[in-house]
Amino acid sequence: MESQLIVMLTQNDITVEDADEVFDSCKDLPVRFWGFKNVGISKNDTRALVETMKANGKVTFLEVVTYTEESCLENAKLAIECGFDYLTGTRFYPSVAELLKGTPVKYFPFVGDVDGSPVLLRGTTREILDECKRLEAAGVHGLDLVAYRYVDGDPVDLAKKVVASATTDVIMAGSISSAERLAIVNEINPFAFTMGSALFDKFFVPDGDFRRNLEKVVDLMDAL
């Protein structure tokens, strides 16, 4: 499987309380991309967890699931201060793009009409595709698509069209929770996809812990 797995230390769009312990239990596994949300964790703990991840050779992602410009700017500053590699989620704001310009942080905002927690995606396929082009023209590094949270149409059809037409990288985020959906993601072939709740909720190994579920996902990906 060519798409990269981003392991999110989050459940129901909230960073888990023992995120540092969960990461420590899995840091030896062959997964480079790790992240968590801006909700459920303090600034000091965020900084410490990012430092630990980077010390272990990981690429780090902050996914923001709050939507005001003020909140997005605040979290963009947090991403810079804490040394995240990617800022994903949020709505697109020119002020955020300007703030991140010249920094190492890559900006992957949500596309479409997003709100709520867990986040939902609304809009017609045409509207979402048009927004993808608008965001790419505005200079974002990539796009964050919550395909399986799409409530106004076919998630798979939407994801295929977004990835096929994109001129930047696309992350598929949310609700990739089965071997069948992993195979679909493999067919669509985005740059990366996130997985968090499915691991904590033991969707792949019902009697296993987080590590065992992640090991199973890695095995499934290797087989694709």
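Residues numbered from 1 in each chain as written. Predicted model: local features only at pLDDT ≥ 70, side-chain atom pairs only at ≥ 80, totals over all residues. Heavy atoms only, no water.

(A) Expanded view of the side chain of T90. Note that T90 resides in the loop between β6 (86-89) and α4 (94-100). Judged by relative accessible area, T90 falls into the buried class, the value being 1%. If near-sequence neighbours (up to four positions away) are discounted, T90 is found in contact with V64, T66, C72, Y107, P109 and F110. (Helix = DSSP H or I, 4+ residues; strand = E, 2+ residues; numbered from the N terminus. Buried < 20%, exposed > 50% of the residue type's maximum accessible area, 1.4 Å probe, protein only. Contact = heavy atoms within 4.5 Å.)

(B) Broad picture of the nonpolar core. Residues L9, L87, M195 and L214 are the most contacted members of the largest nonpolar core, which totals 73 residues. What L87 contacts, discounting residues up to four positions off in sequence, is L62, V64, N75, A76, A79, V96, L100, V105, K106, Y107 and F108. Of all hydrophobic cores here, the second largest spans 10 residues; its members include I6, F61, F108 and F191. (Core = buried A, V, L, I, M, F, W, Y, C linked by side-chain atoms within 4.5 Å.)

(C) Broad picture of the layout of surface pockets. Put simply, the largest pocket is a space of about 260 Å³. Residue lining of the largest pocket: 23 residues in total, with R149, G174, S175, G196 and S197 positioned closest to the centre. The set of elements that each furnish at least two residues to the lining of the largest pocket consists of β12 (192-195) and α8 (197-200). A breakdown of the residues in the lining of the largest pocket according to their chemical character gives 10 nonpolar, eight polar and five charged. Put simply, the second largest pocket is a space of about 190 Å³. (1 Å grid on protein atoms, 1.4 Å probe; cavity = no way out; pocket = protein on both sides within 12 Å on 5 of 7 lines; lining within 4 Å. Points joined across faces, edges and corners; volume = space filled by probe spheres on them. Nonpolar A, V, L, I, M, F, W, Y, C, P; charged D, E, K, R; others polar.)

(D) The sheet that holds β12, seen in detail. The strand order across the open sheet built from eight strands is β7-β6-β5-β4-β1-β12-β11-β10, with neighbouring strands paired in parallel fashion. Of all the strands in the sheet, the pair left with one neighbour each is β7 (106-108) and β10 (142-145). Neighbour-to-neighbour, the strand axes of the sheet open up by a mean angle of 25°, direction not taken into account. With four bridges connecting them, β10 and strand β11 (residues 169-172) associate as parallel partners. The residue of β11 that forms the bridge with L143 is V170. Across the sheet, helix α2 (residues 43-55) lies against β4 (33-37) and β5 (59-64), angled at about 175° from β4, the strand it touches most. Helix α3 (residues 69-82) contacts β5 and β6 of the sheet and is inclined by roughly 165° relative to β5. (Pairing = 2+ DSSP bridges. Axes fitted to C-alpha atoms, helices over the stretch in contact; angles between N-to-C directions.)

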